[in-house]
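These are the residues of each chain, in order.
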Amino acid sequence: MGTEASTERKQVSIRGAHLRLGESPALIGSRCPGCGEHFYPPRHVCLNCYQEGLDEVALSTRGDLRSFTIARMGLPGTAMTPPYVIAQVWLPEGVAVATVLTDVDPEAVSIGMPLELVVEKLSTDSEGNDVMTFKFRPVREG
Ligand SMILES: [Zn+2]
């Protein structure tokens, strides 16, 4: 009847991901108002100048591959099918994000390749909400 989709399932972030969901998903980090350093995961105290009370900010959704490992064996309790790429992505804010890559041939991965954030449903929780996680994938140019 109404326009409110009250019965629609909610999306919730997987624990520990610091993920902003919705129209423009992004990782949430913190920015130090004193020195401008960014951190991910978010911190309460700046590691650079020890200021407290950092601002919560949405981080860039694009970055470059900083380092990676190709996982060739599955891990118990994970949804990933080997081989897959465990990566550190370097964001323009100067933070490294630990993630896995998706939509990529592990043999074609190279340091410095441009990557973008993708948000995917991981599972459904006990309340019927979609539990969302994030990965990165190569930027598709053009
Ligand atoms: Zn600082």
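None of these values were measured; they are calculated from a predicted model. (Residues numbered from 1 in each chain as written. Predicted model: local features only at pLDDT ≥ 70, side-chain atom pairs only at ≥ 80, totals over all residues.)

## A few points about the overall build of the chain
So, point 1. A tally of regular secondary structure across the chain gives zero helices and 10 strands.
So, point 2. Along the chain, from the amino end to the carboxyl end, the secondary structure elements read β-β-β-β-β-β-β-β-β-β.
So, point 3. For the C-alpha atoms alone, the extent of the chain along its principal axes is close to 50 × 40 × 35 Å.
So, point 4. Sorting the 142 residues of the chain into buried and exposed places 20% on the buried side.
So, point 5. Contacts in the chain between residues far apart in sequence, at least 24 positions, make up 49% of those at least 6 positions apart. (Helix = DSSP H or I, 4+ residues; strand = E, 2+ residues; numbered from the N terminus. Buried ≥ 20, exposed ≤ 12 C-beta atoms within 10 Å, placed from the backbone. Contact = placed C-beta atoms within 7 Å.)

## Remarks on the environment of Ser-60
So, point 1. Examined against the element boundaries, Ser-60 turns out to sit in the loop between strand S5 (55-58) and strand S6 (62-71).
So, point 2. A C-alpha to C-alpha distance of 6.9 Å links Ser-60 and Pro-92, two positions 32 residues apart in sequence.
So, point 3. Leave out the neighbours within four places in its chain, and Ser-60 touches Leu-91, Pro-92 and Glu-93.

## Some points on the pairing of strand S8 (residues 96-101)
So, point 1. With burial as the criterion, only one face of S8 is covered, namely that bearing Val-97, Thr-99 and Leu-101; the residues Ala-96, Ala-98 and Val-100 on the opposite face remain uncovered.
So, point 2. Where strand S7 (residues 84-90) lies against S8, six bridges are found, and the strand directions are antiparallel. Bridging across to S8, Val-85 finds its partner in Leu-101.
So, point 3. Counting the residues between successive antiparallel strands, the hairpin from S7 to S8 contains five residues, one of them, Gly-94, with a positive phi of roughly 90 degrees. (Pairing = 2+ DSSP bridges.)

## Concerning the confidence of the model for the chain
So, point 1. In this model, the chain carries an average pLDDT of 91, and 94% of its residues clear a pLDDT of 70 or more.
So, point 2. At the level of individual helices and strands, the chain shows its lowest average pLDDT in strand S1 (residues 11-13), which scores 91, and its highest in strand S4 (residues 38-39), which scores 98. (pLDDT = per-residue confidence, 0-100.)

## Some words on the nonpolar core
One broad trend across soluble globular proteins is that nonpolar side chains are buried collectively.
So, point 1. Formed by 19 residues in total, the largest nonpolar core has its most connected members in Leu-27, Tyr-40, Ala-87, Val-89, Val-95, Val-97 and Phe-136.
So, point 2. At the level of secondary structure, the elements contributing two or more residues to this core comprise S6, S7, S8, strand S9 (114-124) and strand S10 (130-138). (Core = buried A, V, L, I, M, F, W, Y, C linked by C-beta atoms within 7 Å.)

## Digging into the environment of Thr-81
So, point 1. Here Thr-81 shows up in the loop between S6 and S7.
So, point 2. With 8 C-beta atoms packed within 10 Å, Thr-81 lands in the exposed category.
So, point 3. In this structure, the C-alpha to C-alpha distance between Thr-81 and Ala-71, residues 10 residues apart in sequence, is 9.2 Å.

## Here's the deal with the environment of Ser-123
So, point 1. Of note, Ser-123 is situated in strand S9.
So, point 2. Owing to 11 C-beta atoms within 10 Å, Ser-123 belongs among the exposed residues under this scheme.
So, point 3. When the C-alpha atoms of Ser-123 and Thr-133 are compared, they prove to be 9.0 Å apart, with 10 residues separating the residues in sequence.

## Brief notes about unusual backbone geometry
So, point 1. In the segment running from Tyr-40 into Pro-41, the intervening peptide bond is cis, with an omega of 0 degrees.
So, point 2. With an omega dihedral of -5 degrees, the bond running from Pro-82 to Pro-83 counts as a cis peptide bond.
So, point 3. You will see that His-18, though not glycine, has its phi angle at about 55 degrees, which is positive.
So, point 4. Unusually for a residue other than glycine, Tyr-50 sits at a positive phi of about 70 degrees.
So, point 5. By the element assignment, Tyr-50 lies in the loop between S4 and S5.
So, point 6. What makes Tyr-50 exposed here is the crowd of 10 C-beta atoms within 10 Å.

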